[in-house]
Amino acid sequence: MKRRLLGALSALLFVLPAMAADLPERPIRIIVPAPPGGTSDIMARVLAEAAGPFLPRGAVVENRGGAGGNIAAAEVARAIADGTTILQCSFGPCGANPSLYANPGYDLLKDLAPVILTGAVRNVMSVRRDLPAQNVQELLALARARPGALTYGSSGVGASNHIGPELLRSLTGIEMQHVPYRGSGPATTDLIAGRIDIFFDNLPSILPHIRAGAVRPMAAVSAARLPELPDLPTFAEQGVEGMAIDSWFGFLAPMRTPQPAIAALNTAFGKALENEVVRRRLADLGVVVLGGTPAQMDTYMRGEVARWAEVVRKQGIRAE
């Protein structure tokens, strides 16, 4: 038993330096395009801690909020391409922003290289408690009877809770009025108070208010029902196909980063995602763990960019 244990430890010590040799002897900087405390920030910190043993000097998280994530993405795009600076990517800077902004300060597909998809958070469309519609079809009928009268909140232009309702408009032809806020918190407050009618939000953020009866969930914005709300039908079940939106996350590095460094980062964070403690912590945040290869992330991200470019074009959405 003792010999087997020593053999296993020796093998581990052999593998870790081999991976570490492909990265400089410095901490990995994870640039998060959001303030501390949100899902994106917490995810990055959980993964930084779990991946630490597989990196030469661990990983640290730095928050760079502003401009819908463009500031953080541009910083990483200009960083030294040695694998020590990566971006915690998400729906905005790596999905919608390339089409929303005339000059976001970076070219997503030319300046940044995929490392690994980390997870996704499901979304829910909720309405004010006294809205006179009990399901999606009744909501659509109400919107058609009163064009432009219904209001939906967002945490800002280009956020998933802005693009989601715009996708619904695109698919159904209804008219609604956009009310942008500085973050999801104020939008949720106004939904609870009845000052706006509709709000798309990440499940972890809105679930406590749903359970408290402060807002009314109307549809899961996903391909399948949510385990946390098993009685809530999806849009597809209510007659609207194509309304599946994930708030997804992943890591990217500067495009010129050597492939061995990309591979080492993918391995380190892939091992972190396999950790059962990490998976439980992410599940508590409402995160579905992903993972996979850089090529798989590249395919997924290109699909997201193309999908939201069409919505942005069709709806004439523009961010200033």
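Just so we're clear, the structure is a prediction, and the values are computed from it rather than from any experiment.

Conventions used here
- Residues numbered from 1 in each chain as written.
- Predicted model: local features only at pLDDT ≥ 70, side-chain atom pairs only at ≥ 80, totals over all residues.
- Heavy atoms only, no water.
- Helix = DSSP H or I, 4+ residues; strand = E, 2+ residues; numbered from the N terminus.
- Buried < 20%, exposed > 50% of the residue type's maximum accessible area, 1.4 Å probe, protein only.
- Contact = heavy atoms within 4.5 Å.
- Salt bridge = Lys/Arg side-chain N within 4 Å of Asp/Glu carboxyl O.
- Pairing = 2+ DSSP bridges.
- Axes fitted to C-alpha atoms, helices over the stretch in contact; angles between N-to-C directions.
- Disulfide = S-S within 2.5 Å.
- Right-handed = clockwise from strand over helix to strand, strands pointing away.
- Phe/Tyr/Trp six-rings, centres within 6.5 Å; stacked < 30°, edge-to-face > 60°.
- Polar contact = N/O pair within 3.5 Å; in protein donor to acceptor, adjacent residues only side chain to side chain.
- Parallel < 35°, antiparallel > 145°, perpendicular 65-115°, else oblique.
- Left-handed = near helix turned anticlockwise from the far one by under 90°.

### Some words on the side chain of Ser160
- You can see Ser160 is positioned in helix H7 (residues 160–172).
- Owing to a relative accessible area of 16%, Ser160 belongs among the buried residues under this scheme.
- When neighbours within four sequence positions are excluded, Ser160 is seen to be in contact with Phe91, Asn123, Pro165 and Ser247.

### Notes on the pattern of salt bridges
- Per the stated rule, a full pass over the model turns up 17 salt bridges.
- The salt bridge involving Arg128 is made with Asp130; its shortest N-O contact spans 2.6 Å.
- Among the residues examined, Asp130 registers a relative accessible area of 56% and is labelled exposed.
- A salt bridge links Arg128 to Asp197, with the nearest nitrogen and oxygen atoms 2.5 Å apart.

### Thoughts on the sheet that holds strand E11 (residues 287–289)
- Pairing is mixed in the open sheet, where six strands are placed in the order E2-E1-E3-E10-E4-E11. Single-partner strands in this sheet number two, and they are strand E2 (59–63) and E11. If you compare each strand with its neighbour and ignore which way they point, the axes differ by 30° on average.
- Across five bridges, the pairing between strand E1 (residues 28–32) and E2 is parallel. Along E2, the bridge assignment pairs Ile30 with Val61.
- Running over the sheet, helix H2 (residues 39–51) touches E1, E2, strand E3 (85–90), strand E4 (112–121), strand E10 (247–254) and E11 and is turned about 165° from E2.

### A short note on the environment of Ile30
- Mapped onto the fold, Ile30 is located in strand E1.
- Taking the C-alpha atoms as reference points, Ile30 and Thr267, separated by 237 residues in sequence, lie 16 Å from one another.
- Sequence-distant contacts of Ile30, that is, excluding residues within four places in its chain, are made with Ala44, Ala48, Ala59, Val60, Val61, Glu62, Ile86, Gln88, Phe251 and Phe269.

### Structural notes on the state of the cysteines
- In the structure shown here, the tally under the stated rule is one disulfide.
- For Cys89, the disulfide goes to Cys94, at an S-S distance of 1.2 Å. Taking the sign of the S-S torsion, 100° for the link of Cys89 and Cys94, the bridge is right-handed. For the pair Cys89 and Cys94, a shared accessibility class is recorded, and that class is buried.

### Observations regarding the pairing of E1
- Of all the five residues making up E1, four are buried; the element is thus mostly covered by neighbouring parts of the structure.
- Each parallel crossover has a hand, and the one from E1 via H2 to E2 is right-handed.
- Examined bridge by bridge, E1 and E3 share three bridges and lie parallel to one another. Note that in E3 the partner of Ile31 across the bridge is Leu87.

### Some points on the sheet that holds strand E9 (residues 216–220)
- The strand order across the open sheet formed by five strands is E7-E6-E8-E5-E9, and the pairing between neighbours is mixed. The open sheet has two free edges, formed respectively by strand E7 (177–180) and E9, since each of these has just one partner strand. The mean inter-strand angle of the sheet, taken between neighbouring strand axes irrespective of direction, is 30°.
- Bridge count for strand E5 (residues 123–127) against strand E8 (residues 198–202) is five bridges, and the pairing is antiparallel. Paired with Met125 across the bridge in E8 is Phe200.
- Taken strand by strand, helix H6 (residues 136–145) contacts E5, E8 and E9, and its axis lies near 100° from that of E9.
- Packing of helix H9 (residues 203–211) onto the sheet brings it into contact with E5, E8 and E9, and relative to E8 it is tilted by some 120°.

### Digging into the packing of aromatic side chains
- Using the criterion set out here, one finds four aromatic pairs in the structure.
- Look at Phe200 and Phe235: their rings are 6.2 Å apart centre to centre, the planes differ by 15°, and that puts the pair in the stacked class. Taken together, the residues span a long stretch of sequence, with Phe200 in strand E8 and Phe235 in the loop between E9 and E10 at a distance of 35 residues.
- Under the relative-accessibility criterion, Phe200 is labelled buried at 3%.

### Thoughts on helix H11 (residues 276–284)
- Capping of H11 at its N-terminal end is provided by Asn275; its side-chain oxygen lies 2.8 Å from the backbone amide nitrogen of Val277.
- Just beyond H11, the residue with positive phi is Gly286, at close to 80°.

### A closer look at the packing of H7 against helix H12 (residues 294–315)
- In the contact formed by H7 and H12, the axes pass within 10 Å of each other and the chain directions differ by 70°. By the angle between their axes, H7 is roughly perpendicular relative to H12. The interaxial crossing formed by H7 with H12 has left-handed handedness. Contacts between H7 and H12 involve Ile163, Glu166, Leu167, Arg169 and Ser170 from the first element and Arg307, Trp308, Val311, Val312, Lys314 and Gln315 from the second.

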